[in-house]
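# Structural description and commentary
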Amino acid sequence: MDSPQRPTAYHHRLPYGERVSPDPLLGGPFFAFDGDVRVVPLAEPVLPEPPRAGEPGGSPCLTCADPDSSAIWGDERWVLKAGLEPSGLPMVALLLPREHYRLDNLSAELLADLGPMIQRVAGAVRRIDGVGRTHFSRFGDGSEHFHVWFFARPVGMMQLRGPLLSVWGDILPPVPDDEFQLNARTVATALAEVSGQPLGVAAD
Ligand SMILES: [Zn+2]
């Protein structure tokens, strides 16, 4: 029953070409849309998956090609990047090891750093005036170079709770550049209290 393109029962079961109903989401507290919402037709699996940036056969790793691009803080092992795209959130940041690793081959030293680094970055983002909570996510579908996303959820904005926070960041009015730079300096200064130093706009 299994085939190279539909390798498991899970894959066989899905309604390819159809638009599934968005009803389970509509009216929910964490959903950003109402009205006539249509789900895109479900596409077939692509196997083997196309290489990610930094994988053999893929495009070069942008992080290794330009390590300091958009960096706002760094120490000897980690760097925090922000401002890669304009966002309607007070802060969207990426935590990356300076060396090119995947999650599954991170060194023991970096793995031991990771928990404290997540706590430090989340706390540094919360230092920004008006931030109520810091979300963080690891996707890894675009680039092989290990990275964790951090998203600042503005205090009191209860519609922005939950997994669509990054979507809200794409559709709310972008934060003005001078305000972003102030926020970046706040985050970088907080991180530098423990290790490393502000970089880029955060060092100005
Ligand atoms: Zn890399």
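An account of the accompanying structure is given in this report. (Residues numbered from 1 in each chain as written. Predicted model: local features only at pLDDT ≥ 70, side-chain atom pairs only at ≥ 80, totals over all residues. Heavy atoms only, no water.)

### Description of unusual backbone geometry
Quick reminder of the rule: Going along the chain from the N terminus, every DSSP run of H or I of four or more residues is numbered as a helix, and every run of E of two or more is numbered as a strand.
Along the chain, Leu 47 connects to Pro 48 via a cis peptide bond; the corresponding omega equals -5°. Position of Pro 48 among the secondary structure elements: in the loop between helix H1 (9-13) and helix H2 (62-65). The backbone of Ser 70 sits at a positive phi, close to 65°, despite the residue not being glycine. Positionally, Ser 70 belongs in the loop between H2 and strand S1 (71-74).

### Digging into the coordination of the zinc ion
Here is the rule: Note that water is not among the atoms used; donors are N, O and S atoms within 2.8 Å of the metal (3.2 Å for Na, K and Ca), so sites may look incomplete. Tetrahedral means four donors with every angle between 85 and 135 degrees, whereas square planar (four donors) and octahedral (six donors) require angles over 155 degrees between opposite donors and between 65 and 115 for all others; sites fitting neither are termed irregular. The classification of residues rests on relative accessible area computed with a 1.4 Å probe and restricted to protein chains. Under 20% of the type maximum is buried, over 50% is exposed, and intermediate values are partly exposed.
Coordination sphere of the zinc ion, protein contribution only: Cys 61 (SG), Cys 64 (SG), His 100 (ND1) and His 145 (ND1), at 2.1 to 2.3 Å. Geometry at the zinc ion is tetrahedral, judged from the four donor atoms that bind it and their angles of 105 to 117° at the metal. Counting along the primary sequence, the residues that act as donors to the zinc ion give the motif C-x2-C-x35-H-x44-H. Of the two residues, Cys 61 sits in the loop between H1 and H2 while His 100 sits in the loop between strand S3 (92-97) and helix H3 (108-126), which places them 39 residues apart along the sequence. Accessibility expressed as a relative area gives 9% for Cys 61, which makes it buried. Classification of His 100 by relative accessible area gives partly exposed; the value is 29%.

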